[in-house]
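Single-letter residue listing:
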Amino acid sequence: MKHIHHFFIGVLLGLSSINANATEFSRQDISVAGLFPVSDSGRKIFDFNSGWRYHQGKVDEGGSTILNDNDWEIVSIPHTVSLIPTEGSGCRNYQGEVWYRKHFVMPKNLSDMDIILHFEAIMGKQRFFINGKEVAAHKGGYLPINISLSDAGIMPGDSCLVAVMADNSDDSSFPPGKPQTALDFAYHGGIYRDVWMIAKSPISITDAIESNKVAGGGIFVHFDNITGKSADIFIDTELCNASGKNKSVTLESTLLSPQGVVLKKIKNKSLIPSGDTIVVKQQLQVSNPQLWSPDSPSLYRIETRVKDGETTIDGGMTRIGIRDFQFDPQKGFILNGKPFGQLVGANRHQDFAYVGNAVPNSQQWRDAKRLRDAGCRIIRVAHYPQDPAFMDACDELGMFVIVATPGWQFWNRNPEFERLVHKNTRSMIRRDRNHPSVIMWEPILNETGFPESFALKALEVTKEEYPYPGRPLTAADMNSKGVRDNYDIVYGWWGDENKENAPKQCIFTREFGEYVDDWYAHNAPNRASRSWGEEAMKIQSLSLADTYGKIYQTNGKYVGGALWHPFDHQRGYHPDPYWGGIFDAFRQPKYAYYMFRSQTAHDLHHPVAESGPMLKIIHEMSPFSDSDVMVFSNCDSVRLSMYDGTKTWTLPVMHNAKGLPSEPVIFKDVWKFNEARSYSYKKKWKKVNMKAEGIVDGKVVFEETKMPSRRSTRLSLKVDWEGKPLIADGSDFIVVIAEVTDDMGNVRRLAKDNIIFEVEGEGEVIGGADIHANPRPVEWGTAPVLIRSTRTPGNIKITARSEFQGAHVPVSAEITIQSMPSSFPPVYSEERVIGKNTQNIMSVNREILTKAEKSRILNEVETQQTEFGIKEGD
């Protein structure tokens, strides 16, 4: 009855090995600089992530061609400047200069093409060198940068050196600007998103950011007159001509349905003067459109081809979703002409265990999938634009997104700082404007005291960059200057809609769930490390359930909120990680995940995410477990039975129209350890079990059975695929989890051990003993490890064993997985050798603060948190 993806079954049944074949996974579509590749387009895209030499620290003449970098480590991108332990908060991460140098030979088949390097993001300040000459500098850590190899004179067949200096040190001159010692996230550093080499015809589609045109550049798709019967689609495409002579070309746009059927094709012939750009405007209408929504995220495709005669010389594909929305202060959120109900979701930082922000595309997709599984229908990116792969996944999985310009609790009066904020906002809109998931822009600085003139200019920027009907709306804190009277949506709280001075707009809670005692100690019932076990995680889940229910107590003007924060993550000013996630930093679920999951109606059937009837027993049957048994479920009722059905109870699931959609079901005083213990003495220990059945319309539709774990006898391994394969590109990784179990596979939650992981074949373990990655301590019965691929597709055998062997230690486990070939051809001359990874943790917080300085920083943070609506703890 439980929905299980077929490629998980071997692992879930406790088999020692599983061979993950390509047919068992869905390939991930990867966009590059805003376009998905199409065949025979003339545009060539290369994976430029491999073969970088890396050095941590300052380097004299780091861009020079005569510098000897033979002893530098060879790394693959995405890359973090220093691996850190999961308890790496409190400014323990490295801050300072690092250098990347890549030696390569330009492919010979790129004659007469313009070639650029597209860096999706690099943290901090950067300087770029090509063959010893500095060609560009950049400030900002969250948006793309293009570097032209053609402009630097690099020709096909040439040997080339590209060098990049990246510095994630504190710098108040550009956003976010706040020193990390007072920051609630971390500047992890490095070239932490993909690098692509793009070769295209001199006559081509421009890059939306590089073109630097208001509401222009690249491809801009917008809509009007959307109904269930028809929709108008407008396609604005900017073409450039760098060929040196006037040229007539044809722009062909083909609309394909979500099922891949060609619906319409439109062609326009245009003359492009030499050295100039033109914008070709096309319009078409689609009948009976399949409208995009969170529960039915239908994506049409527009294939764009630039043709010289019958030959395609450039092109790419844009995925679009046709949807119409409005926020009505009386009716609430209206989607595609119908009341939608509350928008409930989460904020998302981009951290991952050990690697900081250096998260590959597959994990970006898996993060989005986990959030959609949890029932999230809206994501606020905190507090910066995130990886393009994450945005693509939100389109695909059906989650609205609030895109925020980089910033947090910091304002610099220097006009240059404000200019850079608005520049970031323009760039993020140009990058993300075609995503159907984008519903709001947040063009201001989070929890920051800024002048009204800034707020008004930020609003103006968003309207300039998206001047068409159906534009994403603007959102900001209700009490910030200039917001209440001018912005489309205001951030506030449930209950604000009923106050005398209620705003005229709809209200959304940007961050819910926090119940801290104060902003110094940060003790809170919503924050529970998974390692703290059953009672702490249960209290966390109930705390979040209480808040979740308040979101539904509304008169229509209050439209929803986003949890702070679904994934545990590293922080700057606080020494503790943020443990408020419904997942830990490895993406292992806590009890609160199942509370979120249970709030989705049992009759919902999502095409990709986990959906339908569910339940979860929130109880481990340990000597320390509560006598009450709690179950999260979205069914009509839950039947709980104990001891092979000897005892049975049935309780309804309370579904509230104005409150928590599915209340926790609590069976009072049903677990008695001494009673269970008596069965063991009678050698009937197998009768010590607990079974929960979810009932809908009188029928059992879902069930779960639990037994208390007995003696720790073996390890088992699970792979957290989430439907995406491990790609053999040298940087992709997958989470593998070792569980300590008894003979029947029941997890021994209270086990304490250290697990050593060993890898054979085309993979390696990320991290070592210096960051407690390998060996990894067992926490709450499990020990996760990150397994990274090589560039060669093939088998990866993973073995897990206890650190200290003996006659009665748990038996080791092994599993074999397989990596899949990459879709993009690589360009590199040097390759990282497995086992030669010297990257390690460093003691890097060189700034020594006095007690008074620390106090000033913490008081500053507390003041700004309080000023911007910390209501839940009131």
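Everything here concerns the structure above.
Residues numbered from 1 in each chain as written. Predicted model: local features only at pLDDT ≥ 70, side-chain atom pairs only at ≥ 80, totals over all residues. Heavy atoms only, no water.

### Things to note about the overall build of the protein
Here is the rule we go by: Secondary structure counts use DSSP, requiring at least four H or I residues in a row for a helix and at least two E residues in a row for a strand, with both numbered from the N terminus. Our radius of gyration looks at C-alpha atoms and nothing else; its globule reference is 2.2 Å times the residue count to the power 0.38. Two residues qualify as a contact provided that any one of their heavy atoms is within 4.5 Å of a heavy atom in the partner residue. Only the protein chains shown count as cover for residues, with accessible areas throughout obtained via the Shrake-Rupley method and a probe of 1.4 Å. Counting rule for charge: Lys and Arg are taken as positive, Asp and Glu as negative, and neither His nor the chain ends is counted. For charged residues, the charge sits on one atom: NZ in Lys, CZ in Arg, CG in Asp, CD in Glu.
Within the protein, the regular secondary structure consists of 10 helices and 45 strands. Against the globule reference of 29 Å for 874 residues, the protein gives a C-alpha radius of gyration of 27 Å, in line with a compact fold. By its C-alpha atoms, the protein is 90 × 65 × 65 Å across when sized along the principal axes. For the protein, the share of sequence-separated contacts (at least 6 apart) that also reach a separation of at least 24 residues comes to 72%. When the accessible surface of the protein is summed, it comes to about 32,400 Å², and 49% of that surface belongs to carbon and sulfur atoms. Each charge sign in the protein was given a centre, from 99 positive and 108 negative side chains, and these centres are 3 Å apart.

### Points about the sheet that holds strand β24 (residues 400-404)
Note the following rule: Think of it this way: DSSP has to see at least two bridges between two strands before they count as a pair. All axes here are fitted lines through C-alpha atoms, helices being fitted over the stretch that makes contact, and every angle between N-to-C directions spans 0 to 180 degrees.
Taken in spatial order, the eight strands line up as β22-β23-β24-β25-β26-β27-β28-β29 and close into a barrel, and their pairing is parallel. If you compare each strand with its neighbour and ignore which way they point, the axes differ by 25 degrees on average. Pairing of strand β22 (residues 343-348) with strand β23 (residues 378-381), which is carried by three bridges, proceeds in the parallel orientation. Considered in β23, the bridge of Ala346 is made with Ile379.

### Focus on unusual backbone geometry
Filter applied, for reference: Relative accessibility under 20% of the residue-type maximum defines a buried residue, over 50% an exposed one, and the middle range a partly exposed one, all with a 1.4 Å probe and only protein chains included.
Geometrically, the link from Ala382 to His383 is a cis peptide bond, its omega value of -15 degrees lying close to zero. Following the sequence through the fold, His383 ends up in the loop between β23 and α4 (388-397). Following Trp564, the chain continues into His565 via a peptide bond in cis, with omega recorded as 15 degrees. Mapped onto the elements of the fold, His565 is located in the loop between β29 (558-563) and α8 (591-597). Here the phi dihedral of Asn131 falls at roughly 50 degrees; this positive angle occurs in a residue that is not glycine. On the secondary structure map, Asn131 appears in the loop between β6 (125-130) and β7 (133-139). The class for Asn131 is partly exposed, based on a relative accessible area of 35%. We note that Glu447 has phi near 50 degrees; this positive angle belongs to a residue other than glycine. Mapped onto the secondary structure, Glu447 falls in the loop between β25 (438-442) and α6 (452-465).

### Describing the environment of Val195
Note that Val195 resides in strand β10 (residues 195-200). In this structure the C-alpha to C-alpha distance between Val195 and Val32, which are 163 residues apart in sequence, comes to 9.4 Å. Residue contacts for Val195: discarding those within four places in its chain leaves Phe46, Asp47, Phe48, Asn49, Trp52, Ile77, His118 and Phe119.

### Notes on helix α3 (residues 361-373)
The following threshold applies: A helix is expected to span 1.5 Å multiplied by its residue count minus one.
Spanning 13 residues, α3 covers 18 Å between terminal C-alpha atoms, matching the ideal 18 Å at 1.5 Å per step. Counting buried positions along α3 gives 13 out of 13 residues, so the element sits mostly inside the fold. One or two positions beyond α3, positive phi appears at Gly375, with a value near 90 degrees.

### Some thoughts on the nonpolar core
The following threshold applies: Joining through side-chain atoms within 4.5 Å is the link that ties buried Ala, Val, Leu, Ile, Met, Phe, Trp, Tyr and Cys residues into a set, and such a set is a nonpolar core.
With 65 residues, the main nonpolar core has Val403, Tyr487, Ile582 and Phe596 as its most contacted residues. Looking at which element gives the most residues to this core, the answer is α8, with six residues.

### Here we look at the pairing of β23
For the record, the criterion: Here a crossover is taken to be right-handed if, once the strands point away from the viewer, the path from the first strand over the helix to the second is traced clockwise.
The alternating pattern of β23 places Ile378 and Arg380 and Ile379 and Val381 on opposite faces, both of which are buried. For the crossover that starts at β22, traverses α3 and ends in the parallel β23, the hand is right-handed. Bridge count for β23 against β24 is three bridges, and the pairing is parallel. Note that in β24 the partner of Arg380 across the bridge is Ile402. In this fold, the crossover linking β23 to β24 by way of α4 has right-handed handedness.

### Concerning the side chain of Ser633
Applied cut-off: N or O atoms within 3.5 Å of each other form a polar contact, as long as, within protein, one can give a hydrogen and the other can take it, and as long as residues adjacent in sequence are counted only when both atoms are side-chain atoms.
The topology assignment puts Ser633 in strand β31 (residues 629-633). Looking at Ser633, its side chain comes within polar contact range of the main-chain oxygen of Met614, at 2.9 Å. In this structure the side chain of Ser633 is engaged in a polar contact, spanning 3.1 Å, whose partner is the backbone nitrogen of Cys635. Ser633 has contacts with Ser598, Met614, Leu615, Val638, Val653 and Ser662, leaving out every residue within four places of it along the chain.

### Considering the packing of aromatic side chains
Note on aromatic pairs: each is described by the distance of the centres and the angle between the planes. Here is the rule we go by: The criterion for an aromatic pair is that two Phe, Tyr or Trp rings (for Trp, the six-membered ring) have centres within 6.5 Å, with stacked assigned to planes under 30 degrees apart, edge-to-face to planes over 60 apart and tilted to the rest.
As enumerated under the stated definition, the model contains 38 aromatic pairs in all. Judged by centre distance (5.3 Å) and plane angle (55 degrees), the rings of Phe119 and Phe128 are tilted. The pair Phe119 / Phe128 is uniform in exposure class, with both members buried. Put simply, the rings of Phe48, Trp52, Tyr54, Tyr100, Phe104, Phe119 and Phe128 pair up and form one aromatic cluster.

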